[in-house]
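Structure at a glance
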Number of protein chains: 2
Amino acid sequence: MTDRRITPEPLTAEAFAPWGELLEATGEFRLINEGWCQRHNDRAKLDFGPEGRAGISVFSARPRSLPYEFRLIERHPEGSQAFIPMSEHGFLIIVSDGPEAKPRAFLSAPGQAINFHRGTWHGVLTPLQAPGLFAVVDRIGPTPNLEEFTYDQPFTVIAPES
Amino acid sequence: MTDRRITPEPLTAEAFAPWGELLEATGEFRLINEGWCQRHNDRAKLDFGPEGRAGISVFSARPRSLPYEFRLIERHPEGSQAFIPMSEHGFLIIVSDGPEAKPRAFLSAPGQAINFHRGTWHGVLTPLQAPGLFAVVDRIGPTPNLEEFTYDQPFTVIAPES
């Protein structure tokens, strides 16, 4: 891989489908609460493995900026992992098909959350604005659930052309 | 009950404890992602009953304003229900110890999410600002999971004194 620059793509359900789900208030819904609320039902493919259970944690991450250089990717073999921004900011999402592959990057829009399928290689949480606050729905369990891989050379996510 | 006005209280973990958990980035954490992120781990008591599983849905609710009049409360006998605001706005939370009790109300602060314990009587989702967008972690299952109760006379949540 000679070109180690990555241009982030807009986050869409279709483009992101190989790695997980886009969670947002679009498409089908059920009207609840006497008509005051739209329920977009059960949007994530959750999987907490044979020994795990669902948990909700709160992540507070320091914002990054573009260009963003990284070498580390990670995956959770025992469970899916959903990232729900607790602010109206998009964030940077990096995925990979594994150590041999060139990563891809997405920029989410405000109002979009994501769920990574169990075992998906991804970059660490990278908000681009404060507060960098996320609710995370992932596997709580008694056995290890983290694999990391460090590329020999860094990749750089560059700002998309405006 | 002659006084049907309810003054909302600030949302704190202690005050809310009988009905659920406050989910926020305070207290103990584990430093992850090479030091860039604080993980406040496993903050909610999730319970999806014998036949249910966890799901993530997206709720889009129309904002209300104070004073807010209501007669309806509801509960989910088969599962807990977490509300994670996808914006930096507090929202109105109404809980009750049941049809015979006077409800109580809380106002959350930006950066706060909540989880209702399985079976907790609560008001419907009441954001006070747009966009009224929430990720909801609750029970997905094959059997009914909603009980509603309508008070004969309305209660009114009034604005706290400033």
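Residues numbered from 1 in each chain as written. Chains lettered and ligands numbered in written order. Predicted model: local features only at pLDDT ≥ 70, side-chain atom pairs only at ≥ 80, totals over all residues. Heavy atoms only, no water.

1. A short note on the interface of chain A and chain B
On the chain B side, the residues contacting the 51 residues of chain A number 51 residues. Counting the surface lost from both chain A and chain B, the interface buries some 3,900 Å², and carbon and sulfur atoms represent 60% of this. Looking only at chain A, the three residues that lose the most surface to chain B are Trp36(A), Ile56(A) and Met86(A), adding up to 19% of its buried area. Between chain A and chain B we count four salt bridges in total. At the surface where chain A touches chain B, the tally comes to 20 residue pairs in polar contact (both at pLDDT 80 or more). Considering every element that reaches the side of chain A that touches chain B, the biggest residue donor is strand E6 (residues 53-61) of chain A, with nine residues. A breakdown of the residues in the side of chain A that touches chain B according to their chemical character gives 27 nonpolar, 13 polar and 11 charged. Here strand E5 (residues 37-40) of chain A runs beside strand E6 (residues 53-61) of chain B; their pairing, made up of four bridges, is antiparallel. Pairing of Cys37(A) across the sheet is with Ala61(B), part of E6(B). (Contact = heavy atoms within 4.5 Å. Buried area = accessible area lost by both parts, 1.4 Å probe. Salt bridge = Lys/Arg side-chain N within 4 Å of Asp/Glu carboxyl O. Polar contact = N/O pair within 3.5 Å; in protein donor to acceptor, adjacent residues only side chain to side chain. Helix = DSSP H or I, 4+ residues; strand = E, 2+ residues; numbered from the N terminus. Nonpolar A, V, L, I, M, F, W, Y, C, P; charged D, E, K, R; others polar. Pairing = 2+ DSSP bridges.)

2. A closer look at the nonpolar core
By size, the foremost hydrophobic cluster in this structure holds 28 residues, and its most contacted members are Ile56(A), Ile84(A), Val137(A), Ile56(B), Ile84(B) and Val137(B). Of all the secondary-structure elements, those providing two or more residues to this core are E6, strand E8 (81-85) and strand E14 (133-140) of chain A together with E6, strand E8 (81-85) and strand E14 (133-140) of chain B. Discounting chain neighbours no more than four positions away, the residues touching Ile84(A) are Ala113(A), Leu133(A), Phe134(A), Ala135(A), Val137(A), Ile84(B), Met86(B) and Ala135(B). (Core = buried A, V, L, I, M, F, W, Y, C linked by side-chain atoms within 4.5 Å. Buried < 20%, exposed > 50% of the residue type's maximum accessible area, 1.4 Å probe, protein only.)

3. Examining the relation of the copies chain A and chain B
Take chain A, turn it by 180°, move it 0.0 Å along the axis, and it overlays chain B with an RMSD of 0.0 Å. Here the symmetry operator amounts to a two-fold rotation axis. When the interface residues of chain A are mapped onto chain B, 100% of them are again interface residues, pointing to one common binding face. (Least-squares fit on C-alpha atoms with pLDDT ≥ 70 in both.)

4. Topic: the environment of Phe134(B)
All names here are of chain B. Tracing the chain through its elements places Phe 134 in strand E14. With relative accessibility at 3%, the residue Phe 134 sits in the buried group. With 76 residues separating them in the primary sequence, Phe 134 and Val 58 have C-alpha atoms 5.8 Å apart.

5. Structural notes on the sheet that holds strand E4 (residues 30-32) of chain B
Taken together, seven strands build an open sheet; the order of strands is E3(A)-E11(A)-E8(A)-E14(A)-E6(A)-E5(B)-E4(B) and the sheet is antiparallel. Across the chains shown, the open sheet's two edge strands, defined by having one partner strand only, are strand E3 (20-23) of chain A together with E4 of chain B. The average undirected angle you get between the axes of adjacent strands in this sheet is 25°. Sheet topology note: the E4(B)/strand E5 (residues 37-40) of chain B ladder contains three bridges and is antiparallel. Bridge pairing links Leu31(B) to Gln38(B) in E5(B). (Axes fitted to C-alpha atoms, helices over the stretch in contact; angles between N-to-C directions.)

6. Looking at the confidence of the model for chain A
Averaged over every residue, the pLDDT of chain A is 97; the share at 70 or more is 99%. Interface confidence for the predicted complex, given as ipTM, is 0.97, next to a pTM of 0.97. (pLDDT = per-residue confidence, 0-100.)

7. Quick notes on unusual backbone geometry
Cis geometry marks the peptide bond from Ala130(A) to Pro131(A), where omega comes out at 10°. Examined against the element boundaries, Pro131(A) turns out to sit in the loop between strand E13 (126-127) and E14. Note the cis peptide between Leu66(B) and Pro67(B), where omega equals 0°. Tracing the backbone shows Pro67(B) in the loop between E6 and strand E7 (68-75). Phi is positive for Asn33(A), close to 55°, though the residue is something other than glycine. Here Asn33(A) is to be found in the loop between strand E4 (30-32) and E5.

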